[in-house]
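The residues making up each chain are set out below.
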Amino acid sequence: MSNLALTGGCQCGAVRFRVEGETGRASICWCRMCQKAFAGPFGALVTVNVADLVCSRGQRSTFQSSDAVKRGFCAACGTPLTFEWSADQIDLAVFAFDDPSRVEPAVQLAAEGRPAWTEHLADMPVRPPAGGPAAPVVSRQHPDRDT
């Protein structure tokens, strides 16, 4: 991982964070709890030391998703942010980072929960970028940087 701090936050910008140390293992988890928490086929997470995590704006809310884990999210927009399982380490949502390409998952967890259709994603047709006479979409999403 680069020496540059990793920054990230929620979709609306109410919660922003940065990691001021090295990241641990990044993974994708196919378990049903991650699928529900991320409303997607998997959760992509990376472990960091709690001491290296700085909340630079706002605070996450949490939901106790099991007897051992809390999941953090933005109360304003619902963006999933954390998987909290230890006093010393915390997992952050990879796609909450401003540049998620800097955090590449190295392992899959709970692969038995993977929907069969995900094996064919690379074979699906790709729709070209929208164009034509339709009006462009105006995003209200917070930019991928600190403001």
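Refer to the structure presented above.
Residues numbered from 1 in each chain as written. Predicted model: local features only at pLDDT ≥ 70, side-chain atom pairs only at ≥ 80, totals over all residues. Heavy atoms only, no water.

Turning our eyes to something else, we now look at the overall build of the protein chain. Within the protein chain, the secondary structure is distributed over one helix and ten strands. Helices (α) and strands (β) of the protein chain occur, in sequence order from the N terminus, as β-β-β-α-β-β-β-β-β-β-β. With the C-alpha coordinates aligned to their principal axes, the bounding extent of the protein chain is approximately 50 × 40 × 30 Å. Here the protein chain, with 147 residues, has 31% of them falling under the buried criterion. Across the protein chain, contacts joining residues at least 24 apart in sequence account for 60% of those joining residues at least 6 apart. Averaged over its 14 positive side-chain charges, the protein chain has a centre that lies 8 Å from the centre of its 15 negative ones. (Helix = DSSP H or I, 4+ residues; strand = E, 2+ residues; numbered from the N terminus. Buried < 20%, exposed > 50% of the residue type's maximum accessible area, 1.4 Å probe, protein only. Contact = heavy atoms within 4.5 Å. Lys, Arg positive; Asp, Glu negative; His and termini not counted. Charge placed at Lys NZ, Arg CZ, Asp CG, Glu CD.)

Before going further, it helps to examine empty space enclosed by the protein. Taken as a whole, this structure holds one cavity of 30 Å³ or more when the rule is applied. When its volume is computed, the largest cavity comes out at roughly 60 Å³. Around the largest cavity, the lining residues are V15, F17, L53, C55, R60, L81, T82 and L92. Within the residue set of the lining of the largest cavity, elements represented by two or more residues are strand 5 (53–57) and strand 8 (80–84). Per-class residue counts for the lining of the largest cavity are six nonpolar, one polar and one charged. (1 Å grid on protein atoms, 1.4 Å probe; cavity = no way out; pocket = protein on both sides within 12 Å on 5 of 7 lines; lining within 4 Å. Points joined across faces, edges and corners; volume = space filled by probe spheres on them. Nonpolar A, V, L, I, M, F, W, Y, C, P; charged D, E, K, R; others polar.)

In spatial order, the strands read 6-7-8-9-4-3-10; together these seven strands make up an open sheet with mixed pairing. Each having just a single partner strand, strand 6 (61–64) and strand 10 (107–109) make up the two edges of the open sheet. Strand-to-strand twist in this sheet, taken as the mean axis angle between neighbours without regard to direction, amounts to 30°. Strand direction decides the pairing type here: strand 8 and strand 9 (residues 89–93), joined by two bridges, are antiparallel. Paired with F83 across the two strands is D91, which belongs to strand 9. (Pairing = 2+ DSSP bridges. Axes fitted to C-alpha atoms, helices over the stretch in contact; angles between N-to-C directions.)

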